[in-house]
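A structural walkthrough
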Amino acid sequence: MEASFVVVGGGIAGVTCAEQLAITFPSEDILLITASPVIKAVTNFKQVSKVLEEFDVEEQPSSMLENRLPNIRVIESGVKQLKSEEHCIFTEDGRQHAYKKLCLCAGAKPKLISEGNPYVLGIRDTDSAQEFQKRLTKAKRIMIIGNGGIALELVYEIEGCEVIWAIKDKAIGNTFFDAGAAEFLTSKLISKKSEARIAQKRTRYTVGGSKKEARTKAESESVGSALGPDWHEGLALKGAEEFSHSIHIETACEVKKLYLQEEFKKTEKQSVAFPKAHHGKSVTTDEETWPVYVELTSGKIYGCDFLVSATGVTPNVEPFLQGNNFDLGEDGGLRVDDQMRTSLPDVYAAGDICTACWEPSPVWQQMRLWTQARQMGWYAAKCMAAATLGESIDMDFSFELFAHVTKFFNYKVVLLGKYNAQGLGANHELMLRCTRGQEYVKAIMQNGRMMGAVLIGETDLEETFENLILNQMDLSPYGKDLLDPNIDIEDYFD
Ligand SMILES: Cc1cc2nc3c(=O)[nH]c(=O)nc-3n(C[C@H](O)[C@H](O)[C@H](O)COP(=O)(O)OP(=O)(O)OC[C@H]3O[C@@H](n4cnc5c(N)ncnc54)[C@H](O)[C@@H]3O)c2cc1C
Ligand SMILES: NC(=O)c1ccc[n+]([C@@H]2O[C@H](COP(=O)([O-])OP(=O)(O)OC[C@H]3O[C@@H](n4cnc5c(N)ncnc54)[C@H](O)[C@@H]3O)[C@@H](O)[C@H]2O)c1
């Protein structure tokens, strides 16, 4: 049977796309094909301002989606091949599905420093997060490689286990922060021990009667949906020991070589001890033997129980490539144009799997984030609908300005526009306001216009800054007043 619309992927991009298609075409059957036994649904969506949005994410059985929108049919099976010329896809369960328009939303996979090494873990979906948690309960020391979102969250959350955090850069959190913001956050990391934390659970797992036990081997090897905001809230990230927090940061280094225990003994090289923890107690000794040893480019060797490779993602394109001449982006994603079309007729893509290749607004960039997966899934459905009806559609407003709200080290973090002066060259200025332990405000200015901002803490500035970036008003007459905490800048612009 041919469905007019087939969507692949039960993550945020795929589910949002299928939902939007189902609403637009209530009399059409929409087929959602996904390798994971549960789907991700956006709930409690709130448009906080023009572009900033907040929502919860629920992992749900696919029947909940089918009940909510009866013209969606979910097939739980991985796609193993796409024959784009025949407009047909083949699934692991031996079936084939014809389509008129297809949207690929198969997400991404962790890009690991050492593929296939049992001591190197990646974190992507519920299964991999649980495997990590299980291994952590027996671990005395682990190493985290990478300096982006996952690493930032882990180093703050892990307790009862020594953590060596090895980063290529000089400062922490390079994908989100410059050195100034990193310093502001580092002091929080060091003082974490004494802090009373506010737990705020946003991801709910309502999978009552999960089909997990019934999963076949093929299914359990396939990728699930990516975790999202506050994924660690439900997981106790606790190691084998009884202490709160013990972290050592190794900067400006990469992994040179990994040795298994026996292999390491033969080298007769020496590993170094964990630098004395700030809580005063030595937890491990340098005489201990470890399952794996990590040689860093700095020359230091550390033993540990295992490593987490939080080193970014690779778009999950392989199942769709054979026999199809897709144009791929530099990061390996399916290139999509401003209508979310890939290079092949009637094949669209959205979310982590795609590489945005339209001429972007000067203050937007693609990042593989939850919010962008939702926006792209929604917009791809709009584009597919418009093409079907012979209409044209303008780029959605959400792509006008990059906006991301998240939480690091228990601070609210808002990133707007070219928040790290990406692509602005030397021709820009920074304006800063910082109160240690409380807030960090950075505005990126070019020719008197605001191009981006980083807001850490409860600054309450996001809406005003969003407007200033969007309207590109000349702010030079206001000079330093712009960030003066004693001046209510909103009054200026009312
Ligand atoms: C640990 C972690 C924390 C994160 N935290 C945040 C955060 O705080 N904020 C934020 O904005 N973003 C966060 N992200 C990123 C965010 O989760 C992703 O950008 C987003 O979920 C991507 O959505 P997606 O729908 O494109 O892909 P995914 O969620 O990866 O979904 C892909 C879907 O495709 C299915 N699939 C894969 N292959 C096949 C196949 N061959 N056939 C059929 N189906 C297939 C999968 O089963 C899955 O259902 C985090 C990511 C991780 C890993
Ligand atoms: N709160 C949030 O917004 C949040 C939290 C977690 C994850 N995420 C998203 O989930 C995805 C996965 O997270 P992630 O942290 O793995 O990716 P990331 O892209 O955020 O960070 C990857 C990091 O790994 C480093 N790196 C890459 N190759 C390396 C190598 N060979 N050796 C050492 N370092 C290397 C990069 O410099 C970068 O710091 C990303 O899309 C991320 O944006 C977002």
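Residues numbered from 1 in each chain as written. Chains lettered and ligands numbered in written order. Predicted model: local features only at pLDDT ≥ 70, side-chain atom pairs only at ≥ 80, totals over all residues. Heavy atoms only, no water.

The subject of this paragraph is the site of ligand 1. Near ligand 1 lie 37 residues; those nearest to it are Val79, Arg124, Val223, Leu227 and Trp370. Taking Val79, its main chain carries an N or O atom lying 2.7 Å from a nitrogen atom of ligand 1. Taking Ser225, its side chain carries an N or O atom lying 2.9 Å from an oxygen atom of ligand 1. Taking 1000 Å² as the accessible area of ligand 1 by itself, protein coverage stands at 94%. Contributions of two or more residues to the shell around ligand 1 are made by helix 1 (12-24), strand 2 (30-34) and helix 9 (370-388). The element best represented in the shell around ligand 1 is helix 9, accounting for three residues. Grouping the amino acids of the shell around ligand 1 by side-chain chemistry returns 19 nonpolar, 15 polar and three charged. Built from parts of two domains, the shell around ligand 1 gets at least three residues from each of domain 1 (2-109 + 313-399) and domain 2 (112-309). (Near = heavy atom within 4 Å. Polar contact = N/O pair within 3.5 Å; in protein donor to acceptor, adjacent residues only side chain to side chain. Areas by Shrake-Rupley, 256 points an atom, 1.4 Å probe, with all protein chains shown as cover. Helix = DSSP H or I, 4+ residues; strand = E, 2+ residues; numbered from the N terminus. Nonpolar A, V, L, I, M, F, W, Y, C, P; charged D, E, K, R; others polar. Domains from an automatic or database assignment.)

Looking now at unusual backbone geometry. Note: most peptide bonds trans; most residues except glycine with negative phi. One non-glycine residue, His87, lies in positive phi territory at about 55 degrees. Checked against the element boundaries, His87 lands in the loop between strand 6 (79-83) and strand 7 (88-91). For Ala421, which is not a glycine, the phi torsion comes out positive at approximately 55 degrees. Judged by relative accessible area, Ala421 falls into the buried class, the value being 12%. (Buried < 20%, exposed > 50% of the residue type's maximum accessible area, 1.4 Å probe, protein only.)

Now for the sheet that holds strand 27 (residues 449-456). Read across the open sheet, the five strands follow the order 23-24-27-26-25; overall the sheet is antiparallel. The outermost strands of the open sheet, each flanked by one partner alone, are strand 23 (403-408) and strand 25 (429-435). Ignoring which end each strand starts from, the neighbouring axes of this sheet average 15 degrees apart. Across seven bridges, strand 25 lies against strand 26 (residues 439-446) in antiparallel orientation. Note on strand 26: the bridge partner recorded for Met431 is Ala443. Packing of helix 5 (residues 179-190) onto the sheet brings it into contact with strand 23, strand 24 (411-417), strand 25, strand 26 and strand 27, and relative to strand 26 it is tilted by some 170 degrees. (Pairing = 2+ DSSP bridges. Axes fitted to C-alpha atoms, helices over the stretch in contact; angles between N-to-C directions. Contact = heavy atoms within 4.5 Å.)

In this section: a negative patch on the surface. Where like charges cluster on the molecular surface, the negative patch consists of Glu458, Asp460, Glu463, Asp488, Glu490 and Asp491. One can find Asp460 in the loop between strand 27 and helix 10 (462-471). Judged by its relative accessible area of 63%, Asp460 is exposed. (Patch = residues over 30% accessible without salt bridge, like charges linked within 9 Å, V, L, I, M, F, W, Y side chains within 5 Å. Salt bridge = Lys/Arg side-chain N within 4 Å of Asp/Glu carboxyl O. Lys, Arg positive; Asp, Glu negative; His and termini not counted. Charge placed at Lys NZ, Arg CZ, Asp CG, Glu CD.)

The next point concerns the site of ligand 2. Around ligand 2, 21 residues are found, and the nearest of them are Ile150, Asn174, Arg368, His404 and Thr406. Here Asn147 contributes a backbone N or O atom positioned 3.0 Å from an oxygen atom of ligand 2. Note that an oxygen atom of ligand 2 is positioned 2.9 Å from one of the backbone N or O atoms of Ile150. For ligand 2, whose free accessible area comes to 840 Å², the fraction covered by protein is 80%. Among the secondary structure elements, those contributing two or more residues to the shell around ligand 2 are helix 4 (149-157) and strand 23. Taken together, the residues of the shell around ligand 2 sort by class into eight nonpolar, 10 polar and three charged. A domain-level breakdown of the shell around ligand 2 finds at least three residues from each of domain 1 (2-109 + 313-399) and domain 2 (112-309).

Helix length check: helix 1 (13 residues) gives 18 Å between terminal C-alpha atoms against 18 Å at 1.5 Å per residue, within 8%. By the criterion of burial, helix 1 is predominantly enclosed, with 11 of the 13 residues buried. For helix 1, the set of buried residues is Ile12, Ala13, Gly14, Val15, Thr16, Cys17, Ala18, Glu19, Gln20, Leu21 and Ala22. (Expected span 1.5 Å × (residues − 1).)

What follows deals with the nonpolar core. One finds Leu104, Phe132 and Ile142 to be the most contacted residues of the largest nonpolar core, which totals 107 residues. Tallying contributions element by element places helix 9 first for this core, with nine residues. Residues Leu52, Leu424, Phe465 and Ile489 belong to the second largest nonpolar core, which totals 27 residues. (Core = buried A, V, L, I, M, F, W, Y, C linked by side-chain atoms within 4.5 Å.)

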